[in-house]
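Report on the structure
Each chain, written out:
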Amino acid sequence: MRQRFKPWAKEKLIENPKYVSVEPEKMKGKWHAFFGNDNPIHIEVGTGKGQFINGMGKQNPNINYLGMELYDSIIITALDRILEDEKPNVKLIRADASHLLDYFEPGEIERVYLNFSDPWPKSKHAKRRLTHESFLKRYETVLKKPGEIHFKTDNQGLFEYSLHSMSTYGMFFNLVSLDLHKSDMEDNIMTEYEKKFSEKGFRIYRMEAQFRS
Ligand code: SAM
């Protein structure tokens, strides 16, 4: 995702601790208290500008959504969306998913969403893909059993890689769609990238994968 340097972004994130955690290590084991209830917590890793989690939060008020994003300058738009239309069940975490185990206790979350993750097409960068075995191991640890990953992408290569990586890891698939927008899924919430690429005629791939408990 293209980002423009926004020097004021960090300060604005810090000024909104009700909605954003910029020191997620301090929240480990306390995320339900952050939301003020015991509803399930779903995270979107690489939330970008937050269209998906905001839409999901509106659609499912009894689920808590945490959007995780690396960059201040991108997540700030997700914060603006929350502030425009305040929802108690949508919050943000400015953090790197590589350190997921520092942020969550085992079993603290119930689902991981990966939407249009960076494809890292060169094989020498495979370890950076969010569906690499090392990330699957982290997701499995923090997910309550049986944990699920819901994944969407326009990138056929990343989709094929992820199917292979997950099945090699021992996961199974509850759903695989090779053309989401021609499927019968009625409650799909589009992400920014999904809107952009589907408008250009790109096919969208989607899967729901589950760890073996
Ligand atoms: N999910 C959004 C969508 O579908 O419109 C954004 C997709 S964008 C291609 C991928 C996003 O993932 C970027 O904003 C990037 O900064 C974020 N990202 C990549 N690696 C990450 C990581 N390890 N932890 C957190 N966010 C990450």
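Since this is a predicted model, take the numbers as computed values, not measurements.

The next thing to look at is the layout of surface pockets. Computed from the structure, the largest pocket encloses a volume of approximately 570 Å³. Lining of the largest pocket is provided by 27 residues; of these, G46, E69, L70, D118 and L130 occupy positions nearest its centre. Among the secondary structure elements, those contributing two or more residues to the lining of the largest pocket are β2 (41-45), β3 (64-69) and α8 (192-199). In terms of residue class, the lining of the largest pocket is built from 14 nonpolar, seven polar and six charged. The computed volume of the second largest pocket comes to approximately 200 Å³. Lining the second largest pocket are 16 residues, and of these M56, Y113, H150, M185 and R206 sit closest to its centre. Of all the secondary-structure elements, those providing two or more residues to the lining of the second largest pocket are α3 (51-59), β5 (109-115), β6 (143-153) and β8 (205-210). Split into classes, the residues belonging to the lining of the second largest pocket amount to six nonpolar, five polar and five charged.

The subject of this paragraph is the UniProt feature "binding site: substrate" (unreviewed entry) in the protein. Within the UniProt annotation, "binding site: substrate" (unreviewed entry) is assigned to K122, D154, T191, E192, Y193 and E194. Look at the named residues: they lie 73 residues apart in sequence, and the longest C-alpha span between them is 24.8 Å, so in the fold they stay spread out. Cross-referencing the annotated residues with the lining of the largest pocket gives T191, E192 and Y193. Of note, K122 is situated in the loop between β5 and α6 (133-142). Of the residues examined, D154 reaches a relative accessible area of 17% and is grouped as buried. The contact partners of D154, leaving out residues within four places of it in the chain, are F116, F197, F202, R203, I204 and Y205.

Looking now at the site of the ligand. Taken together, 19 residues sit near the ligand, with G46, E69, N115, T191 and Y193 positioned nearest. At 2.6 Å, a side-chain N or O of E69 approaches an oxygen atom of the ligand. Measuring from a nitrogen atom of the ligand, one finds a side-chain N or O atom of D96 at 3.0 Å. If the ligand stood free it would expose 600 Å²; the protein chains cover 94% of that surface. Placement of the ligand is best described as lying within the largest pocket. Considered class by class, the residues forming the shell around the ligand number nine nonpolar, five polar and five charged.

As recorded in UniProt, the sites labelled "binding site: S-adenosyl-L-methionine" (unreviewed entry) are E44, E69, D96 and D118. On the basis of their most widely separated C-alpha atoms, the annotated residues across 75 residues gather in one place, lying no more than 13.6 Å apart. Of the residues annotated just before, the largest pocket has E44, E69, D96 and D118 among its lining. You can see E44 is positioned in strand β2. If we skip the residues at most four places from it in the chain, E44 touches F52, I53, L66, G67, M68, Y113 and N115. Looking at the element boundaries, E69 is found in strand β3. Residue classification places E69 among the buried residues on the basis of a relative accessible area of 8%. With near-sequence residues (within four places) excluded, E69 lies in contact with G46, T47, G48, I74, I75, I93, R94 and A95. From its side chain, E69 meets the backbone nitrogen of Y71 in a polar contact 3.2 Å long.

Thresholds, definitions, all that
- Residues numbered from 1 in each chain as written.
- Predicted model: local features only at pLDDT ≥ 70, side-chain atom pairs only at ≥ 80, totals over all residues.
- Heavy atoms only, no water.
- 1 Å grid on protein atoms, 1.4 Å probe; cavity = no way out; pocket = protein on both sides within 12 Å on 5 of 7 lines; lining within 4 Å.
- Points joined across faces, edges and corners; volume = space filled by probe spheres on them.
- Helix = DSSP H or I, 4+ residues; strand = E, 2+ residues; numbered from the N terminus.
- Nonpolar A, V, L, I, M, F, W, Y, C, P; charged D, E, K, R; others polar.
- UniProt positions renumbered as here; feature names shortened; annotations may be inferred.
- Buried < 20%, exposed > 50% of the residue type's maximum accessible area, 1.4 Å probe, protein only.
- Contact = heavy atoms within 4.5 Å.
- Near = heavy atom within 4 Å.
- Polar contact = N/O pair within 3.5 Å; in protein donor to acceptor, adjacent residues only side chain to side chain.
- Areas by Shrake-Rupley, 256 points an atom, 1.4 Å probe, with all protein chains shown as cover.
- Sits in = over half its atoms within 2 Å of the grid points.

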